[in-house]
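# Coordinates in review
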Amino acid sequence: MKDPRDIILAPIVSEKSYALIEQGVYTFQVHPSATKPEIHDAVEAIWGVTVTNVNTMNRKGKATRARRKGRAGSKPDTKRAIVTLAAGNEIPLFEN
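Small disclaimer: the values here were computed from a predicted structure and weren't measured. (Residues numbered from 1 in each chain as written. Predicted model: local features only at pLDDT ≥ 70, side-chain atom pairs only at ≥ 80, totals over all residues. Heavy atoms only, no water.)

## Section: the sheet that holds strand β2 (residues 25-30)
One key point about sheets: their strands pair by backbone hydrogen bonds, in either a parallel or an antiparallel sense. With antiparallel pairing, the four strands of this open sheet are ordered in space as β1-β2-β6-β3. Each having just a single partner strand, β1 (8-11) and β3 (51-59) make up the two edges of the open sheet. Mean inter-strand twist for the sheet, computed between neighbouring axes without regard to direction, equals 35°. The pairing of β1 with β2 spans three bridges and is antiparallel. Directly across from Ala10, in β2, lies its bridge partner Gln29. Of the strands in this sheet, β1, β2, β3 and β6 (78-85) are in contact with helix α3 (residues 36-47), which crosses β3 at around 125°. (Pairing = 2+ DSSP bridges. Helix = DSSP H or I, 4+ residues; strand = E, 2+ residues; numbered from the N terminus. Axes fitted to C-alpha atoms, helices over the stretch in contact; angles between N-to-C directions. Contact = heavy atoms within 4.5 Å.)

Dropping the structure here:
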């Protein structure tokens, strides 16, 4: 079994993800080879909450170009997971 902290890499910080937190939906950057059941189990193991749904999306990295040399490259591809929690559960991500 993989370590849950190797599957969940970081929370996604954006206006859209903050708006979804109020509805009990959290967005995370996950390992590119992680599956939905692994993400489900990792979130439940790390925070002790009940997960009802997991959606994933693969995002292609943006193309980049060096200024002087003109070489083309790209930023790395990423995978995101949108995790819906059961009613009454929450993850204390950004508490002060």
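## Here we look at the environment of Val43
Checked against the element boundaries, Val43 lands in helix α3. Each C-alpha atom, one on Val43 and one on Ser74, is 30 Å from the other, the two residues being 31 residues apart in sequence. The contact partners of Val43, leaving out residues within four places of it in the chain, are Ile8, Phe28, Gly48, Val49, Val51, Val83 and Ile91.

## What about the nonpolar core?
Counting 17 residues, the largest nonpolar core has Ile8, Phe28, Ile39, Val43, Val83, Leu85 and Ile91 as its most contacted members. Sorting the residues of this core by element identifies β2, α3, β3 and β6 as the ones contributing at least two each. Of all the elements, α3 adds the most residues to this core, at four residues. Contact partners of Ile8, with chain neighbours within four places excluded, come to Phe28, Gln29, Val30, Ile39, Ala42, Val43, Ile46 and Trp47. (Core = buried A, V, L, I, M, F, W, Y, C linked by side-chain atoms within 4.5 Å. Buried < 20%, exposed > 50% of the residue type's maximum accessible area, 1.4 Å probe, protein only.)

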